[in-house]
Amino acid sequence: FHSSLKFQDNFTSIFSELVDNGGHDGGKEAKAKAATTGTDTKTTKANEKLAMPLLRVPFPSGAFWTNLVIQPTPDRGLSYPIMSYPYGYKWNPSLLQVSYPPLRRLSDDISIRDIFNPDLTFSTEETITKRNIVRFDPLSVTLRYYGNQVNGEAELTGKDPDAATSYWESYLVQGSPYLTMLYNRMTPILTPLSTFQTFTCPRGANGTYKEHATDIDPVAMNQTGATNFFGICTREESSNGRDVTLRGVQFLIHTQENLTWMCFASEPITLVFDGTSRRTIRSVGKFSGVLRFVLLPPPLHADNHLIRKGNTYESFPLSSSPGVRRLIYNAHTYPVGAKISWSFKDIPVAQMKHDYKTRQTNGNHRSQAFPR
């Protein structure tokens, strides 16, 4: 192994890492505890097995996600960024940061540089006890955060934990326009780069999708009690008059930079936007299900550049965008992994096939192949 692949003195220890990033040897601790407390040999061996690194194959040193497992930066223990196009990611023991780097692209005659800024940060109200990389392949990596006692078998095999385990995980799949998070008995929290400006239902009172995320529906503002927007989102009155409480399966999020995100939920969820600080959107209570987020990028102009005024970007009508309609239509199917295969039937022509393993928010699993 190259020395850069060492993490806190343990090779690939991120696969079985405690929050304090101490890099200690769990096996030695188990032995010491057995010596002082009289723990039986069988229990000690089981503890040592759970403390072993999960990787049983040569480390994929050329993987796109290697920056996640090398020595982190001094900035709150955040990793160096990785790219799972079109998004960039960083993580630390308690949160996951996501950036859309093309927003800040710098180019000249000899280089193109994309700047990482955390456009959205995902965390939970619960304290994270452990994090793992649980699965990877040439086109994806799965990151998991645990909120309570870790299911040892799931940790060792990469399988889904049992229903009693509190955890959340994210599937970073190359080419996916969505951010996908699966939660089990956890309380999601969303934080922006600067502030959230609005948090709304995507449809207006007439049933059509809004032109812009900043459009405030007058019916929702003037009507007392809850207002239902065609079954996908309900606005509820807040106790302090400043917070925004929405319950449903589709939401629009607008940030200070004039960026619009759509949020899709597999199950109805109640989310509260803190109207005082404008810095958080959080779930009311624990959530079990899938949340998907997608940025609706600002329009490109003839020279393939974004128009930016200061720190804000140009917007576009949502209701007339075919891209928005496609994102809504496909939001229920999400990729969790992929494999690449080749065939050489007609030499010298070769065919490469990307076979994506997908799931649906209704629980169905399937595989989709895309020849190239």
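Residues numbered from 1 in each chain as written. Predicted model: local features only at pLDDT ≥ 70, side-chain atom pairs only at ≥ 80, totals over all residues. Heavy atoms only, no water.

1. What about the pairing of strand β10 (residues 130-137)?
Filter applied, for reference: Two strands pair if DSSP finds at least two bridges between them. Only DSSP runs of H or I reaching four residues or more are called helices, and only runs of E reaching two or more are called strands; each is numbered from the N terminus.
Pairing analysis gives seven bridges linking β10 to strand β11 (residues 140-146), with the strands arranged antiparallel. Across the sheet, D137 pairs through a bridge with S140, a residue of β11.

2. Section: helix α5 (residues 322-329)
What counts here: A simple rule labels every residue: compare its accessible area, found with a 1.4 Å probe on the protein chains alone, to the largest value its type can have, and call it buried under 20%, exposed over 50%, or partly exposed in between. The arc in question is the one traced by the directions running from the helix axis out to the C-beta atoms. What makes two residues a contact is simply this: any of their non-hydrogen atoms within 4.5 Å.
Listing the buried residues of α5 in full gives V324, L327 and I328. The buried residues of α5 occupy an angular sector of 100 degrees when the element is viewed end-on, so they sit on one face. The exposed set on the far side of α5, more than 90 degrees from its buried face, consists of R326 and Y329. Contact partners of the buried residues in α5: β13 (178-186), β18 (244-255), β19 (260-273) and β21 (287-296).

3. A few points about the environment of E257
Going by this rule: The definition of a polar contact used here is a pair of N or O atoms within 3.5 Å, where within protein one atom must be able to donate a hydrogen and the other to accept one, and adjacent residues in sequence count solely through side-chain atom pairs.
Tracing the backbone through its elements, the reader meets E257 in the loop between β18 and β19. Each C-alpha atom, one on E257 and one on T312, is 4.2 Å from the other, the two residues being 55 residues apart in sequence. Apart from residues no more than four positions distant in its own chain, E257 is found in contact with L193, S194, N311, T312 and Y313. Separated by 3.1 Å, the side chains of E257 and T255 make a polar contact.

4. Focus on the nonpolar core
For the record, the criterion: To form a nonpolar core, buried Ala, Val, Leu, Ile, Met, Phe, Trp, Tyr and Cys residues must be joined to one another through side-chain atoms within 4.5 Å.
Core analysis: the biggest nonpolar cluster contains 61 residues, and F122 and L179 have the highest contact counts within it. Broken down by element, the residue count for this core peaks at eight residues, all from β19. In this structure L179 touches Y87, Y89, V98, L120, F122, W261, L291, R292 and F293, once residues within four positions along its chain are discounted. Ranked by size, the runner-up nonpolar core spans 12 residues in total, among them Y146, Y167, V173 and L182.

5. Things to note about the packing of aromatic side chains
Applied cut-off: Pairing of aromatic side chains here covers Phe, Tyr and the six-membered ring of Trp, requires ring centres within 6.5 Å, and sorts the geometry by plane angle: under 30 degrees stacked, over 60 edge-to-face, intermediate tilted.
All told, the structure shown has 11 aromatic pairs when counted by the stated rule. Measuring from centroid to centroid gives 5.1 Å for F122 and F293, while their planes differ by 65 degrees, and the two rings are edge-to-face. You can see F122 sitting in strand β9 (residues 120-124) and its partner F293 sitting in strand β21, a full 171 residues away along the chain. In this structure, F122 and F293 share a single accessibility class: buried. Members of the aromatic cluster, each reached through a chain of ring pairs, are W91, Y145, W168, Y183 and F287.

6. Considering the state of the cysteines
Each disulfide is one covalent bond, formed between the sulfur atoms of two cysteines. For clarity, the cut-off: Here, two cysteine sulfur atoms that lie within 2.5 Å of each other are counted as a disulfide.
The final tally for this structure, using the stated rule, is one disulfide. Note that C201 is cross-linked by a disulfide to C233, the S-S spacing being 2.0 Å. Given an S-S torsion of about -65 degrees, the disulfide between C201 and C233 has left-handed geometry. Of this pair, C201 sits in the loop between β15 (196-200) and α4 (218-222) while C233 is found in strand β17 (residues 233-236), placing the two residues 32 residues apart along the sequence.

7. Overview of unusual backbone geometry
Of note, the amide linkage connecting Y85 to P86 takes the cis form, showing an omega dihedral of 15 degrees. Relative to the helices and strands, P86 resides in the loop between β4 (82-84) and β5 (87-91). Positioned with a positive phi, R76 is a non-glycine residue whose angle comes to about 55 degrees. Along the chain, R76 turns up in the loop between α2 (41-51) and β4. Here R76 falls in the exposed class, since its relative accessible area comes to 53%. Positioned with a positive phi, R278 is a non-glycine residue whose angle comes to about 60 degrees.

8. Describing the side chain of N92
Within the element layout of this structure, N92 appears in the loop between β5 and β6 (96-99). At a separation of 2.9 Å, a polar atom in the side chain of N92 contacts the main-chain amide nitrogen of S94. When neighbours within four sequence positions are excluded, N92 is seen to be in contact with R76, G77, L78, R131 and Y145.

9. Some remarks on the pattern of salt bridges
Where charged atoms from two side chains of opposite charge come close, those side chains can pair. What counts, and what does not: The salt bridge criterion pairs a side-chain nitrogen of Lys or Arg with a carboxyl oxygen of Asp or Glu, the two atoms within 4 Å.
Applying the stated criterion across every chain, the model contains eight salt bridges. Notably, a salt bridge pairs D75 with R76, separated by 3.4 Å at the nearest N-O pair. Using a relative accessible area of 41% as the deciding quantity, one classes D75 as partly exposed. Each of R135, R144 and E169 takes part in one network of salt bridges that share partners.

10. A short note on the side chain of R292
Applied cut-off: Within this scheme the basic residues Lys and Arg register as positive and the acidic residues Asp and Glu register as negative, but His and the chain ends are omitted.
Relative to the elements of secondary structure, R292 occurs in strand β21. For the buried R292, no salt bridge is present, and the opposite-charge side chain at shortest range is E169, 12 Å distant. At 2.7 Å, the side chain of R292 forms a polar contact with the backbone oxygen of T333. The contacts of R292, once residues within four sequence positions are left out, are S176, Y178, L179, T180, M262, C263, F264, N330, A331, T333, Y334 and P335.

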